[in-house]
Amino acid sequence: MQKLVTIFGGSGFVGRYVARRLAKRGWRIRVAVRRPNEAHFVRMYGSVGQVEPVFANIRDDASVAAALSGADAVVNCVGVLAPSGKNGFEAVQAEGAARIARLAAAEGIGRMVQISAIGAGVDSDSEYARTKAAGERGVLEHQPDAVILRPSIIFGPEDAFFNRFAGMARMAPILPLVGGRTRFQPVFVDDVAAAAEMAVEGSARPGIYELGGPDVDTFRELMQVMLRTIRRRALLLPVPFFVARIMAWLLDLGQTVTGGLFHNGILTRDQVRNLARDNIVTGEHPGFAELGIQPMAMEAVLPDYLWRFRPSGQYAEIKESARNLKT
């Protein structure tokens, strides 16, 4: 009989890659999301009936318990970059993660994977980082043998990082940079999914893993890589942190005053705090090397999905080749 894994947030950026990998390994997949009608594409990752989207709200015990019923393993990929309504940092990343672990333990599920983040820390001045750490504690309280994955910034075809800034570069000649000197260690989304797959399969030891790609670059250097990839030029304008804090405060205020009608998806005060700290592996925990995974480099992947932001789109390389022939 096929084993069953429940993936909370299984239609999201990371979750869909985890679902695809585990479906190929023969698992039955239950994709637990708030809007299952928008997640039907995950059915294509397996054979008929192998992958099934179901409703679940990780703020509610009953729906989480229903999504976990009969499962052999659970993966939690749910997180928020900016709070919105009832889906705040504490409710989703701390209480939600602990709820999943607690109800999984009650169901007799002994194998859990929690997607956290590099920088998670109880003493951080960032609420995002503090609640990620609180979520880890809640998971380990109920699932002491859980595998916790802490990736750096994740890139891939559906990412909200390179795609976002490439879109901005296509529309404007200036890219404002907050924390241009902050270092990142971008990690390919399918490499994170490969680590989660190993954890679900039981081939990764319990504990915390820090996942970073082979390249460490500043925010400014990442934007330079992106601009080269999309064949565009833009002025990279440094924004001092004190200016960024004022901008973020005004944007957060706009969200509060409008009761959420204006959602600050531009720059929050918490994001400014995070941008002030490097986002790279510390070496205090095992990583890809211990898992036997060779992470992909950015420049081997970025052209595969950022080509659409080039002035000539998919024909850019053909035109470049034609110009070389003429010369």
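What counts and how
Residues numbered from 1 in each chain as written. Predicted model: local features only at pLDDT ≥ 70, side-chain atom pairs only at ≥ 80, totals over all residues. Heavy atoms only, no water. Helix = DSSP H or I, 4+ residues; strand = E, 2+ residues; numbered from the N terminus. Rg over C-alpha atoms; globule rule 2.2 N^0.38 Å. Contact = heavy atoms within 4.5 Å. Areas by Shrake-Rupley, 256 points an atom, 1.4 Å probe, with all protein chains shown as cover. Buried < 20%, exposed > 50% of the residue type's maximum accessible area, 1.4 Å probe, protein only. Core = buried A, V, L, I, M, F, W, Y, C linked by side-chain atoms within 4.5 Å.

Draft legend 1. Here's a closer look at the overall build of the protein chain. When helices and strands are tallied, the protein chain shows twelve helices and 13 strands. Relative to the globule expectation of 20 Å for 327 residues, the C-alpha radius of gyration of the protein chain, 20 Å, shows essentially globular dimensions. Taking the principal axes of the C-alpha coordinates as reference, the protein chain spans close to 65 × 50 × 40 Å. A separation of at least 24 residues holds for 76% of the contacts in the protein chain among residues at least 6 apart in sequence. When the accessible area of the protein chain is evaluated, it comes to approximately 15,800 Å², of which 53% is carbon and sulfur surface.

Draft legend 2. View of unusual backbone geometry. In this structure, Arg-231 is a non-glycine residue whose phi angle is positive, near 60°. Tracing the backbone through its elements, the reader meets Arg-231 in the loop between helix H7 (219-230) and strand E13 (235-239). Judged by its relative accessible area of 33%, Arg-231 falls in the partly exposed class.

Draft legend 3. Up close: the environment of Ala-104. Relative to the helices and strands, Ala-104 resides in helix H3 (residues 89-106). Beyond its immediate sequence surroundings of up to four residues, Ala-104 is in contact with Leu-68, Val-74, Ile-109 and Gln-143.

Draft legend 4. Fine view of the nonpolar core. Among the nonpolar cores identified, the biggest contains 74 residues, and Ile-29, Phe-162, Met-223 and Met-226 are the most heavily contacted of them. Met-226 has contacts with Phe-162, Phe-165, Ala-166, Ala-169, Leu-175 and Leu-306, leaving out every residue within four places of it along the chain. If you look at the next biggest cluster of nonpolar residues, it comprises 24 residues, including Leu-4, Ile-58, Phe-89 and Leu-103.

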